[in-house]
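Chain by chain, the residues run as shown.
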Amino acid sequence: MTARTSRRSGGRQARQALRAAPLAKDSRPVRAGLEGGAYKPLTQAGMERIHQAALDALEQIGLADAPPSGVEIMTRAGAILGDDGRLRFPRALVEDMLAKAAKNITLHGRDPQHDLNLSGNRVHYGTAGAAVHMVDVDGREYRDSTVQDLHDAARIADQLDNIHFLQRPMVCRDIPDNREMDLNSIYACVAGTTKHIGTSFTEPDFVDDGIELLHMMAGGEDKWRARPFVSNSNCFVVPPMKFATESCEVMEKVIAAGMPVLLLSAGMATATAPPTLAGTIVQAVAECLAGVVYVNAIKPGHPAIFGTWPFVVDLRSGAMSGGSGEQALLAAGCAQMHQFYGLPGGAASGFSDAKLPDMQAGWEQMCSNVMAGLSGLNMVYEAAGMHASLLGFCHESLIIGDDIIGQALRCVRGIEVTEDALDLDLMRSVCLDGPGHYLGADQTLSLMQTEYAYPALGDRTSPKEWAEVGKPDLVQAAKARKEAILAETSRAHLDPVVDAAIRARFNIHLPK
């Protein structure tokens, strides 16, 4: 190594050390809960028209296939059961239930530092989905996902600053029994991270065991109810405009157990939702408003997330088009409707149609993550790691996604215009009396970490420096970080005594 190269390396290390110095949470350039809302693809008049159309749909079309318990709950509240078996919702009923619905909710982590405040336009990014494959970046292949893969995803997400929550991103294909799969999904996630977790139940009969497991993890029912750290991702509707009977029965049980609910409507534009983007949003809003009625008729003010998750179809092939600009627009438009109602909301954004973490994945993930954040979406689901239109999950892509989301959050934060920022004295001294540049100014050094966000893996070296350090590859760098995280972090975030009791009660597939 030459002296010049050594000096460069030392300079880089010094700069990296300065950037790595710890900052107070409020001083960080990017962090959970930054306020978005600057981007508005819908006008106020457009939102009003969508709202009125959704109310018309609920009043005139209604929803079919509610379970008998749901029919009783909602008709008692004021819904009308027609001779055709469809429940219809008068405007006054919807408005009454919107008034009762929780407006500001907190999704708890097992560690309070990971609590998420879902109020206003606060933005949080995380995982989600039910991928059935894992992406092997070395072999460029897809294989069945396992419970170990899910646990490793939780352990990796636990160490990534810009992944604020972990909703189960993949299915444990190695556990054929659905009850055991549901329970082991909870275990694998909770044992891997202290951030808030989302998961689902395949059947209503599995809920009681799941709640018992969560009580054991929390240290008792009272502690669980005080800080429920797992929410139920609930596809309570089958678009267009039908209730998913068993999922509704699951929802009734988890509400009784004190678990927050994600009311998830996942229609696909041109297939199970109207062909226009506006019409797709209307249907999603109508279905989720029916969910608001359902939840608040059971328990007024129960924490529920308005989960409008419309997707896009590529009409040339019939395949999902998650990386499209239209998908990004739908998520942003849905965020505006959440704010229109003053309800905490979430949508799917940030996933890719690309099969590997390549250039296509980068542009698709960045586009929709930025637009979702700028629109003020409270919960950006599927924001990292998801490929092949939600069929594949990739640990390396989860790590790269942390960098992407960091840059997206910097865009969400925007530009603060303060007296200190408009420092004419500094400009005057540099231009009239100083060296003609700002590199050595005290303000430049003091703002190095607070004004600018730096990627952990993204390469910003010159071509010469890049060659000098061995021409690092982004995906291989992510793989190295994955391996370091999995080698260095604890395998379990559970007390050994609690873990032993859980393993004695349930068939846990993860090794000790």
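The structure displayed is predicted, hence computed values, not measured ones. (Residues numbered from 1 in each chain as written. Predicted model: local features only at pLDDT ≥ 70, side-chain atom pairs only at ≥ 80, totals over all residues. Heavy atoms only, no water.)

Across its full length, the protein carries 18 helices and 20 strands. Computed over the C-alpha atoms, the radius of gyration of the protein is 24 Å, within 12% of the 24 Å expected from 2.2 N^0.38 for a compact globule of 512 residues. A total of 512 residues make up the protein; the buried ones form 53% of that total. Surface exposure of the protein reaches about 21700 Å², of which carbon and sulfur atoms provide 54%. A distance of 5 Å separates the average location of the 47 positive side-chain charges in the protein from that of its 61 negative side-chain charges. (Helix = DSSP H or I, 4+ residues; strand = E, 2+ residues; numbered from the N terminus. Rg over C-alpha atoms; globule rule 2.2 N^0.38 Å. Buried < 20%, exposed > 50% of the residue type's maximum accessible area, 1.4 Å probe, protein only. Areas by Shrake-Rupley, 256 points an atom, 1.4 Å probe, with all protein chains shown as cover. Lys, Arg positive; Asp, Glu negative; His and termini not counted. Charge placed at Lys NZ, Arg CZ, Asp CG, Glu CD.)

With the rule as written, the count across this model stands at 21 salt bridges. With a shortest N-O distance of 3.2 Å, Arg-173 and Asp-144 are connected by a salt bridge. One end of the pair, Arg-173, is in the loop between strand 9 (165-167) and helix 6 (178-190); the other, Asp-144, is in strand 8 (residues 141-144), with 29 residues separating them in the sequence. The network of salt bridges with common partners includes Arg-179, Asp-209, Glu-212 and Arg-505. (Salt bridge = Lys/Arg side-chain N within 4 Å of Asp/Glu carboxyl O.)

As a further point, take the nonpolar core. Phe-89, Met-217, Phe-243 and Leu-289 are the most contacted members of the largest nonpolar core, which totals 141 residues. Among the elements that take part in this core, helix 10 (residues 277-298) stands out by supplying eleven residues, more than any other. When near neighbours in sequence (up to four residues on either side) are disregarded, Phe-89 contacts Leu-58, Glu-59, Leu-63, Met-74, Ala-79, Val-94, Phe-243, Ala-290 and Val-293. (Core = buried A, V, L, I, M, F, W, Y, C linked by side-chain atoms within 4.5 Å. Contact = heavy atoms within 4.5 Å.)

Moving on to the environment of Arg-481. The residue Arg-481 is located in helix 17 (residues 474-488) in this model. Discounting chain neighbours no more than four positions away, the residues touching Arg-481 are Gln-159, Leu-160, Ile-399, Asp-402 and Ala-456.

The subject of this paragraph is the confidence of the model for the protein. On average, the protein scores 93 in pLDDT, and the residues at 70 or more come to 94%. A low-confidence stretch, residues 1-8 stays under pLDDT 50, and its non-local contacts, those more than four residues away or across chains, total five contacts. (pLDDT = per-residue confidence, 0-100.)

What follows is about the packing of helix 5 (residues 147-158) against helix 13 (residues 395-413). Relative orientation of the contacting elements helix 5 and helix 13 amounts to 20 degrees, with a least axis distance of 10 Å. Between helix 5 and helix 13, the angle is such that the two are roughly parallel. Every pair of crossing elements has a handedness; the one defined by helix 5 and helix 13 is right-handed. Judged by residue contacts, Asp-149, Asp-152, Ala-153, Ile-156 and Ala-157 of helix 5 engage His-395, Leu-398 and Ile-399 from helix 13. (Axes fitted to C-alpha atoms, helices over the stretch in contact; angles between N-to-C directions. Parallel < 35°, antiparallel > 145°, perpendicular 65-115°, else oblique. Left-handed = near helix turned anticlockwise from the far one by under 90°.)

Taken together, four strands build an open sheet; the order of strands is 8-7-20-19 and the sheet is mixed. Strands with a single pairing partner mark the edges of an open sheet, and in this sheet they are strand 8 and strand 19 (386-387). Where strand 7 (residues 133-136) lies against strand 8, four bridges are found, and the strand directions are antiparallel. For Asp-136, the partnering residue across the bridge sits in strand 8 and is Glu-141. (Pairing = 2+ DSSP bridges.)

Because an α-helix completes one turn every 3.6 residues, residues spaced three or four positions apart along the sequence face the same direction. An ideal rise of 1.5 Å per residue puts 22 Å on 16 residues; helix 12 (residues 359-374) measures up with 22 Å between its terminal C-alpha atoms. Among the residues of helix 12, those classed as buried are Ala-361, Glu-364, Gln-365, Ser-368, Asn-369, Val-370, Met-371, Ala-372 and Gly-373. On its buried face, helix 12 sits against strand 6 (122-127), helix 11 (325-341), strand 18 (379-381), strand 19 and helix 13. Where helix 12 starts, the residue carrying a side-chain oxygen 3.2 Å from the main-chain nitrogen of Gln-360 turns out to be Asp-358. One or two steps after helix 12, the chain reaches Gly-376, where phi turns positive at roughly 85 degrees. (Expected span 1.5 Å × (residues − 1). Polar contact = N/O pair within 3.5 Å; in protein donor to acceptor, adjacent residues only side chain to side chain.)

Take the side chain of Glu-382 next. Along the polypeptide, Glu-382 turns up in the loop between strand 18 and strand 19. Of the buried charged residues, Glu-382 lacks a salt bridge, with Arg-168 as the closest side chain of opposite charge at 8.1 Å. When near neighbours in sequence (up to four residues on either side) are disregarded, Glu-382 contacts Gly-126, Thr-127, Ala-128, Gly-129, Trp-309, Phe-311, Ala-348, Ser-349, Gly-350, Phe-351 and Leu-390.

Time to look at the pairing of strand 7. Once strand 7 ends, the chain turns through four residues before running back antiparallel as strand 8, passing Arg-140 with a positive phi of about 55 degrees. Here strand 7 runs beside strand 20 (residues 392-393); their pairing, made up of two bridges, is parallel. Paired with Met-134 across the strands is Phe-393, a residue of strand 20.

Time to look at unusual backbone geometry. The omega angle of the peptide bond from Pro-239 to Pro-240 is 5 degrees, so this bond is cis rather than trans. Looking at the element boundaries, Pro-240 is found in the loop between strand 11 (230-234) and helix 9 (245-256). Located in the positive-phi region is Met-241, a residue other than glycine, with phi close to 60 degrees. Within the secondary structure, Met-241 sits in the loop between strand 11 and helix 9.

The next subject is a nonpolar patch on the surface. On the surface, a nonpolar cluster with roughly 370 Å² of combined accessible area is contributed by Ile-415, Val-417 and Leu-422. Among the residues examined, Ile-415 registers a relative accessible area of 77% and is labelled exposed. (Patch = residues over 30% accessible without salt bridge, like charges linked within 9 Å, V, L, I, M, F, W, Y side chains within 5 Å.)

Strand order in the open sheet formed by three strands is 13-15-16, and the pairing between neighbours is mixed. Since the sheet does not close on itself, it has two edges, and those belong to strand 13 (268-269) and strand 16 (319-320), each with one partner. Where strand 13 lies against strand 15 (residues 311-314), two bridges are found, and the strand directions are parallel. Within the sheet, the bridge partner assigned to Ala-269 lies in strand 15 and is Val-312.

Turning to the packing of helix 7 (residues 207-218) against helix 18 (residues 496-505), a few remarks are in order. Packing of helix 7 against helix 18 leaves a shortest axis separation of 10 Å and a crossing angle of 160 degrees. In terms of axis orientation, helix 7 runs roughly antiparallel to helix 18. Here helix 7 and helix 18 pass one another in a crossing that is right-handed. Across from Asp-209, Glu-212, Leu-213, Met-216 and Met-217 in helix 7, the residues of helix 18 making contact are Val-498, Ala-501, Ile-502 and Arg-505. For the contact of helix 7 with helix 18, the per-class residue count stands at six nonpolar, no polar and three charged. (Nonpolar A, V, L, I, M, F, W, Y, C, P; charged D, E, K, R; others polar.)

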